[in-house]
Amino acid sequence: MVSGRSSELSICPYCACGCGLYVQRTAGRLTGVMPSEHHPVSAGRLCARGWAAHEPSLWGRRLTQPLLRDGDGRAVATTWPTALRAAAEHLRALRAAGKAVGVLGSGRATNEENFLAAGLARAGLQSGHVDACLRAPYHDLLLGLAAADPREAADRAPPLEALEACDVILLVEGDLALTHPRAAYAILRAVRRGARLVTAGSVRTKLARLAWRHLSLLPGDEVALAAALTGRAPGQAPDGGGGELREVVESYAGAQRAGIVIAPTGADPAGLRALGAALGGLAAATGHVDRPGSVILPLPLRGNTRGALEMGVLPDALPGPSALHDAAARRRLAAAWGQEPATARGLDVERMLDEVAGLVVVADDPPVALPSAERARRALAGLECLVVLDAFVTPTVEAAHVALPIASLAETEGTFTNMEGRVQWLRAGAAPPGAARPGWAVLAALGAELGLARPPASVDDVLAGIRASVPSYAWAERRAGEQEAWTQHALPAVAPAALERPAAPEPAAPEPADASYPFRLVRAAAFEWGDDPLVTASPTLRRDHVSLRKLFPHGRVDLPALDAKALGIRDGWQVKLVSRAGEALIPVNLRDDLAPRTILVSFAFRDQLAPVLGAASHAAVRVERV
Amino acid sequence: MTVPQALVIRKADLGTWVDSLIGRTEVIGPTRGPRGDVLLATLSGARELLWDFTNALQPPKQFLLPQTEPLVQIRTARGHAQAESVADAHPQVLFNVRSCDVKGFAVLRRMHAQPPGDTAYLRRDEQTTLVCLTCPTPCPLGFCVCADAGPFLEEHFDLQLTAMDDAMFVEVGSAKGRALLEGQDRLFRPAAASEVARRAEIEAEARRRFGPVTCHFGSAMRRVSTGRVAQALWDAIADWCLECGGCNFICPTCYCFSVRDRREDGSWERCRVWDSCQYAAFTLEASGHNPRKRQGGRVRRRFFHKVSAQYYQKDGDVGCVGCGRCITVCLGTADMPAVVEALRKGEWHG
């Protein structure tokens, strides 16, 4: 008679805002989500992704059985013990043969899964090759912002709340309303209160239309912007030069409470560091770093990108992050991981794909997140051993030698760390399908197969290990029966001074345009949600994101309408783009809101332009009619 | 026995009554969730049921129109596809539903009953008994008085309860409501004339206690329906909407849906799922043409449906019950009172 409608408080797993929602179920089956009215981050609000957070579990193509590739290359269903043993033996054999093996954690995996993934690499496989896709753009911003590390972060208002109360906000964005809607909402609230908003980006977005000033910032422009911002701090503004930028700097400097929000743009790593350094330098020079009410908020791209970084999913630091040579950290981690960790500096994800023979991928699909999808696909196909843990059948799972089914984020327990540093619980709204198990349990079992001592028996065990070995998470304790999300307010907790860092590469200045290559082609973003498995597995989200892709199966670039007119090119026509590196054919979309001689390509269509762009985010090109 | 229209039950006896219902049928009501959230859930005991609460953000419409609703199961046997209805409809009692939400159900019922009639919805509606709990203290964001949807109702409920000092005043609105009182003669007694008068006083007092949120539908309707709202105003409003769809999902009167098929154990399940007219591809046609490609067009469409005279004449109501949920849920600033105000004044300031 009772069909049982109930709900579990959880967290939206998409972007890094960390909004609170209830996963709802009827008779044990997921049916939907509902925002949590009194949640400290979202107070009853969700974006379109949050409202569809239950859909991937229901509509995604689920991996429900462990799969093992047989002698003919076919993936065959097998048992858990067989699959785990095969994975461990294969990885061990590669190690014994002196070949490199690595592990990828993920911004769509929990802290517990990422902590165990880092342990699998450093302790289980004795390898420093551990990283996550989309870790680098966020990390590069943090490293750039090091100059703006506040001395005291403890008793500040949470950044999103502080942002709403700012008088001046400097926003570097791709399109914040799409990438981080809750942060965009904070800015809308501030603007409604009368705050001055300055946007910088390659497109005039919704927020740019509401802005007091909009600065055109294309990939490749970061160094010039940095020079302009720091060179024009109050009192140093050169006479007559750059009136608009001077106004912006003066307005920021004079604000009682000022905010800086930086979303990773499509820039190169060095460009992102330069951008971070410029804005951090501006905040430091104007006294906003330690001023109560002022805020600097770098934005991780995925839900738990920040958590993954702090759990040690990076090639050049231990969890914390702590320095690789930090003896105390190593001792603590040896206890948590069951073996002394390797302290070698490893390869980042892009180089790992080129150089390792064996790879364990935890809940990620590198071709959707790396700058070159095609190169990532080729690299995965060329691996001697690819072990993939995922809830969904992604192209990476299809390439795997061993595929291990794990629970989706609506079916698992664990924590996520949001952009503000809040650590919050995800709770299971339903049981995972088939033989799928929670990701932490699979990683623990794989670690045990690789000889790690004392594998954790519960997700609380893993968390206890994190608490004991990562000082910044020492407070993160689950109290019995507690339903509340935990909160902690902290600014980015990377202590750069403690870490050894390779010198930052010189940012590449834009190639000078000349008569042969008069246009600038730039990649507009660092990531596109439309490609993410959590979006493609949701029919509601896929519809909105895929429709463009359906309409433009050959990709497209955005071209200024005036330039097109001069060239005699019409909307939708195919053109040839030629750079010094190569050429490509692609249709054009004419726009009247672009700077002259600027061509934008979205992250989704980056592969079509790989011959022209190479690995760079910008290039000088010419446009030819075909 | 004929049950009179107005009864009284002692507050001390409410638990006994609710527990006896829980033993007979699925009873759903507001419960206390984490951080003070109010959650609607199946009750396992009367002690879980809240009597003093600000209305839940979660609308009870989901128990008649779920976010994911399996309708048909499609199996293939020997090359033939067989479709079987799996729409769930079992008796349920929704307890302590606020007047705005009860009015919302009346709007949904009228829409779904239009020919040819949505049988999945109507069957569930038939199986549902609505127990309305009136609002002697209006909720902080509510404006139900502007939408003829509360804080007390004259119709649409099966039972309507009003808290008095140590008793609950019970109005019977239908045979379904009367059925909830069967076998409970010991707990209920006819209301005295003084109690009927007291109930009227409580209502009059409640109507005087509304907060600052108002919504002048009449003047907004005049402007919308006579083409006096410039597209530029809709475009300006659209810049303050982040297209989350939340206003549709929590609205007691929104019912737009999509149909999605999902594979389940070797068969296909055809589901109705909530959808939002604010999503870019909601009106995307198979040809690739999208009549409401611009968001300004989508915002305009939403409010035209809610407050235009054309729809008012057709439906007899505005498409809003004044629950105020869109004020809480809006991931922007384009909630109903704010937009109605903008339409009235012909200007928008975010």
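Residues numbered from 1 in each chain as written. Chains lettered and ligands numbered in written order. Predicted model: local features only at pLDDT ≥ 70, side-chain atom pairs only at ≥ 80, totals over all residues. Heavy atoms only, no water.

With that settled, the discussion passes to the packing of helix α4 (residues 111-124) of chain A against helix α20 (residues 459-469) of chain A. Residues and elements named next belong to chain A. The interhelical angle for the contact between α4 and α20, taken along N-to-C directions, is 65 degrees, at an axis separation of 10 Å. On the basis of the axis angle, α4 is roughly perpendicular to α20. For the pair α4 and α20, the crossing hand works out as left-handed. The segment α4 lies against α20, with N111, E112, F115 and L116 engaging V459, V462, L463, G465, I466 and S469. Looking at the contact of α4 with α20 residue by residue, the classes come out as six nonpolar, three polar and one charged. (Axes fitted to C-alpha atoms, helices over the stretch in contact; angles between N-to-C directions. Helix = DSSP H or I, 4+ residues; strand = E, 2+ residues; numbered from the N terminus. Parallel < 35°, antiparallel > 145°, perpendicular 65-115°, else oblique. Left-handed = near helix turned anticlockwise from the far one by under 90°. Contact = heavy atoms within 4.5 Å. Nonpolar A, V, L, I, M, F, W, Y, C, P; charged D, E, K, R; others polar.)

Moving on, we get to the interface of chain A and chain B. Tallying the contact residues gives 51 residues for chain A and 59 residues for chain B. There are five salt bridges connecting chain A and chain B. E243 of chain B serves as the salt-bridge partner of K206 of chain A, at 3.4 Å between the closest nitrogen and oxygen. Taken together, chain A and chain B are joined by 23 residue pairs in polar contact (both at pLDDT 80 or more). When contributions to the side of chain A that touches chain B are tallied by element, the ones reaching two or more residues are β1 (5-11), β2 (20-26), β3 (29-35), α1 (48-51), α2 (55-59), α8 (181-193), α9 (206-210) and α22 (539-551) of chain A. Take the side of chain A that touches chain B: its biggest share by element is seven residues, from α8 of chain A. (Salt bridge = Lys/Arg side-chain N within 4 Å of Asp/Glu carboxyl O. Polar contact = N/O pair within 3.5 Å; in protein donor to acceptor, adjacent residues only side chain to side chain.)

Looking now at the nonpolar core. Grouped together as the largest cluster of nonpolar side chains are 171 residues, with contacts concentrated most on W51, I187 and L359 of chain A together with W17, F95, F217 and M336 of chain B. L116, A118, L318 and L450 of chain A belong to the second largest nonpolar core, which has 55 residues in total. (Core = buried A, V, L, I, M, F, W, Y, C linked by side-chain atoms within 4.5 Å. Buried < 20%, exposed > 50% of the residue type's maximum accessible area, 1.4 Å probe, protein only.)

Let us look at the sheet that holds strand β20 (residues 574-579) of chain A. All names here are of chain A. Around the barrel, which closes on itself, the six strands sit in the order β18-β22-β19-β21-β20-β23 with mixed pairing between neighbours. With strand direction ignored, the average angle separating the axes of adjacent strands in the sheet is 45 degrees. For strand β18 (residues 519-523) and strand β23 (residues 618-625), the ladder comprises four bridges, and the chain directions are antiparallel. By the bridge assignment, V522 is partnered in β23 with H618. (Pairing = 2+ DSSP bridges.)

Our next topic: α8 of chain A. Count 3.6 residues to each turn of an α-helix, and residues three or four apart come out pointing the same way. Residues and elements named next belong to chain A. Look at α8: 18 Å from first C-alpha to last across 13 residues, which is about the 18 Å you get at 1.5 Å a residue. Taken across its 13 residues, α8 has ten buried, putting it largely inside the fold. Considered for burial, the residues of α8 that qualify are P181, R182, A183, A184, Y185, A186, I187, L188, A190 and V191. (Expected span 1.5 Å × (residues − 1).)

Here the structure, examined in full by the defined rule, presents eleven aromatic pairs over all chains. Between W51 of chain B and F95 of chain B the ring centres are 6.2 Å apart and the planes differ by 75 degrees, which places this aromatic pair in the edge-to-face class. In this pair, W51 of chain B is assigned in the loop between β3 (38-42) and β4 (68-77) and F95 of chain B in strand β6 (residues 92-97), connecting sequence segments 44 residues apart. Taking the relative accessible area as the measure of exposure, W51 of chain B reaches 26% and is therefore partly exposed. Residue F95 of chain B is classed as buried on the basis of its relative accessible area, which comes to 2%. Ring-pair connections join several aromatic residues into one group, and the members of that group are W51 of chain A together with F249, W274 and Y279 of chain B. (Phe/Tyr/Trp six-rings, centres within 6.5 Å; stacked < 30°, edge-to-face > 60°.)

So, about the side chain of S408 of chain A. All names here are of chain A. The residue S408 is located in the loop between β15 (402-405) and β16 (414-417) in this model. Owing to a relative accessible area of 3%, S408 belongs among the buried residues under this scheme. Of note is the side chain of S408, whose polar atom sits 2.7 Å from the side chain of S57. With near-sequence residues (within four places) excluded, S408 lies in contact with S57, R62, A391 and F392.

Let us now look at the domain arrangement of chain B. In many reports, interface size means the accessible area that the parts give up when they come together. All names here are of chain B. Domain boundaries assigned for chain B yield domain 1 (6-72 + 86-209) and domain 2 (216-345). The distance between the C-alpha centroids of domain 1 and domain 2 comes to 27 Å. Taken together, the contact between domain 1 and domain 2 spans 37 residues of the former and 30 residues of the latter. Taking both partners together, domain 1 and domain 2 bury about 2800 Å²; carbon and sulfur atoms supply 59% of that area. A per-residue breakdown of the area domain 1 buries against domain 2 is headed by L57, K61 and F143, which together make up 21% of the total. Joining domain 1 to domain 2, the criterion identifies five salt bridges. Linking domain 1 to domain 2 there are 19 residue pairs in polar contact (both at pLDDT 80 or more). Elements represented by at least two residues in the side of domain 1 that touches domain 2 include exactly β4, α2 (99-113) and α3 (119-126). By residue number, the principal contributor to the side of domain 1 that touches domain 2 is α2, which donates nine residues. (Domains from an automatic or database assignment. Buried area = accessible area lost by both parts, 1.4 Å probe.)

Let us look at the pattern of salt bridges. It is possible for side chains of opposite charge to pair when their charged atoms get near one another. On inspection of all chains with the given rule, the structure shows 60 salt bridges over all chains. A salt bridge links R302 of chain A to D364 of chain A, with the shortest nitrogen-to-oxygen separation between them at 3.1 Å. Here D364 of chain A lies in the loop between β13 (358-362) and α16 (366-369) and R302 of chain A lies in the loop between β12 (295-298) and α13 (305-310), a separation of 62 residues in the sequence. Each member of the pair, R302 of chain A together with D364 of chain A, is buried. The salt bridge partner of D558 of chain A is R591 of chain A, with a shortest N-O separation of 3.0 Å. Of this pair, D558 of chain A sits in strand β19 (residues 557-560) while R591 of chain A sits in strand β21 (residues 583-591), and the two are 33 residues apart along the sequence. Relative accessible area serves as the criterion here: at 12%, D558 of chain A is assigned to the buried category. Overall, the relative accessible area of 18% leaves R591 of chain A in the buried class. A single salt-bridge network, built from bridges that share partners, covers R29 of chain A together with R262, E264 and E269 of chain B.

Attention shifts here to the domain arrangement of chain A. Residue and element names in this part refer to chain A. When cut into domains, chain A gives domain 1 (67-134 + 303-420 + 435-473 + 490-498), domain 2 (137-298) and domain 3 (519-625). Distance from the C-alpha centre of domain 1 to the C-alpha centre of domain 3: 34 Å. With 15 residues of domain 1 at the contact, the number on the domain 3 side is eleven residues. Surface buried jointly by domain 1 and domain 3 totals about 990 Å² across both partners, of which 63% is contributed by carbon and sulfur atoms. Here domain 1 and domain 3 share one salt bridge between them. Where the side of domain 1 that touches domain 3 is concerned, the elements lending two or more residues are α16 and α17 (373-381). Taken together, the residues of the side of domain 1 that touches domain 3 break down into nine nonpolar, two polar and four charged.

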